[in-house]
2 protein chains.
Amino acid sequence: MKGGLEGGEASKVPLAAPAVNRGISILDFIFRVVAALATLGSAIAMGTTSETLPFFTQFMRFRAQYDDLPTFTFFVVANSIVAGYLVLSLALSVFNIIRSAAKGTRIFLVILDAVALAFLTAAASAAAAIVYLAHKGNTSANWFAICQQFDSFCERTSGSLIGSFVAVVLFILLILMSSMAISRC
Amino acid sequence: MKGGLEGGEASKVPLAAPAVNRGISILDFIFRVVAALATLGSAIAMGTTSETLPFFTQFMRFRAQYDDLPTFTFFVVANSIVAGYLVLSLALSVFNIIRSAAKGTRIFLVILDAVALAFLTAAASAAAAIVYLAHKGNTSANWFAICQQFDSFCERTSGSLIGSFVAVVLFILLILMSSMAISRC
């Protein structure tokens, strides 16, 4: 029975399971490629953000760069790390396509995906909190909205969040698909 | 064979699997209780934060409350929702202890756990970004560190993050344990 299971034959849903698992694995591969591109795009979009104003006021420096705010630096680093992880995980994803009954590698990926999900969400939402502050400011804390001055800086940083949040949704779907595939092994 | 599997008898690791799964389910139950208490504690600690200063300056209002900052309001709401979800999920967790071969409920919980993980991490790290700003300020954006004035407010909000991050770690462990249990069903 053990040998049969490893060959992907003696599953509980007799014939369909390996085919279904292969389909899930192929979708898994595509999602990982899309998520890797999304996080890489986010990292690049944020990492190249810089705006120099043509004038100089009492309250504002005339240059805004992403690394003026540590949260944005963390955002770039986290997105780069997650993109790197996603590219490396493609190898295991291919292995899962070939061996549709592989269980250990799927569990391994679920755990790493959950960690990457938490890490990426942390970076994306911390950056979103700062972007919100840059747009709206906060009167109670006397924090000014800097977006009136740094218009293109704000647009660029806001836009770069999209890729991260797309990747977060993809990670949730990846965990869902992996656990479905594990249950069919 | 199907009937045997549902009864938790004919697993791949013949005798140990149901017992191991029961152990995992009991640990799952304990982790959920701890995570529910941690998130509830965070929500209460943040939601009752308020500091009135004995003096009044030109730049600062003399009162700081958690809902002066929308991010902290989101933190309270998210922690309350996740605590509520965790209490509700205890029912399914108990079901998993009784029926150690139940597969559907485990997959269902993995998906909800992944969503709750992302939601809670978003709230916790957005609040952490604001707390960091309150402590350090940012000279580039002309945002002042408000913690020099609102000392106890800052300590309270910083402390309330701990419960959330403990729950985030527990969620990652819950997803790991669930996928291991699913593979043994």
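These figures come from a predicted structure and were not determined experimentally.

1. Some details on the packing of aromatic side chains
Okay, step 1: Per the stated rule, a full pass over the model turns up 6 aromatic pairs over all chains.
Okay, step 2: A ring pair is formed by Phe72 of chain B and Phe153 of chain B, whose centres lie 6.3 Å apart and whose planes are at 55°; its orientation type is tilted. In this pair, Phe72 of chain B sits in helix H3 (residues 70-98) while Phe153 of chain B sits in helix H5 (residues 151-184), placing the two residues 81 residues apart along the sequence.
Okay, step 3: Joined through ring pairs, the aromatic side chains of Phe72, Phe150 and Phe153 of chain A make up one cluster.

2. Quick word on the state of the cysteines
All names here are of chain A.
Okay, step 1: Scanning all chains against the criterion turns up 2 disulfides over all chains.
Okay, step 2: Paired through a disulfide, Cys147 and Cys154 show a sulfur-sulfur distance of 1.9 Å. With the S-S dihedral at roughly -85°, the linkage between Cys147 and Cys154 falls on the left-handed side.
Okay, step 3: Judged by relative accessible area, Cys154 falls into the buried class, the value being 2%.

3. Some words on the packing of helix H5 (residues 151-184) of chain A against H5 of chain B
Okay, step 1: For the pair H5 of chain A and H5 of chain B, the least separation of the axes is 8 Å and the interaxial angle reads 25°. Judged on the interaxial angle alone, H5 of chain B and H5 of chain A are roughly parallel. Seen along the crossing, H5 of chain A lies across H5 of chain B with a hand that is right-handed. Taken together, the residues of H5 of chain B that come into contact with H5 of chain A (itself represented by Ile175, Ser179, Ile182 and Ser183 of chain A) are Ile175, Ser179, Ile182 and Ser183 of chain B.

4. Focus on the interface of chain A and chain B
Okay, step 1: At the junction of the two partners, chain A supplies 45 residues and chain B supplies 44 residues.
Okay, step 2: Roughly 4000 Å² is buried in total at the junction of chain A and chain B, and carbon and sulfur atoms are behind 72% of that figure.
Okay, step 3: Between chain A and chain B we count 0 salt bridges in total.
Okay, step 4: The tally of links from chain A across to chain B stands at 9 residue pairs in polar contact (both at pLDDT 80 or more).
Okay, step 5: Of all the secondary-structure elements, those providing two or more residues to the side of chain A that touches chain B are helix H1 (2-6), helix H3 (70-98), helix H4 (104-136) and H5 of chain A.
Okay, step 6: Per-element accounting of the side of chain A that touches chain B gives the leading share, 16 residues, to H4 of chain A.
Okay, step 7: For the side of chain A that touches chain B, a count of residues per class yields 32 nonpolar, 8 polar and 5 charged.

The rules we used
- Residues numbered from 1 in each chain as written.
- Chains lettered and ligands numbered in written order.
- Predicted model: local features only at pLDDT ≥ 70, side-chain atom pairs only at ≥ 80, totals over all residues.
- Heavy atoms only, no water.
- Phe/Tyr/Trp six-rings, centres within 6.5 Å; stacked < 30°, edge-to-face > 60°.
- Helix = DSSP H or I, 4+ residues; strand = E, 2+ residues; numbered from the N terminus.
- Disulfide = S-S within 2.5 Å.
- Buried < 20%, exposed > 50% of the residue type's maximum accessible area, 1.4 Å probe, protein only.
- Axes fitted to C-alpha atoms, helices over the stretch in contact; angles between N-to-C directions.
- Parallel < 35°, antiparallel > 145°, perpendicular 65-115°, else oblique.
- Left-handed = near helix turned anticlockwise from the far one by under 90°.
- Contact = heavy atoms within 4.5 Å.
- Buried area = accessible area lost by both parts, 1.4 Å probe.
- Salt bridge = Lys/Arg side-chain N within 4 Å of Asp/Glu carboxyl O.
- Polar contact = N/O pair within 3.5 Å; in protein donor to acceptor, adjacent residues only side chain to side chain.
- Nonpolar A, V, L, I, M, F, W, Y, C, P; charged D, E, K, R; others polar.

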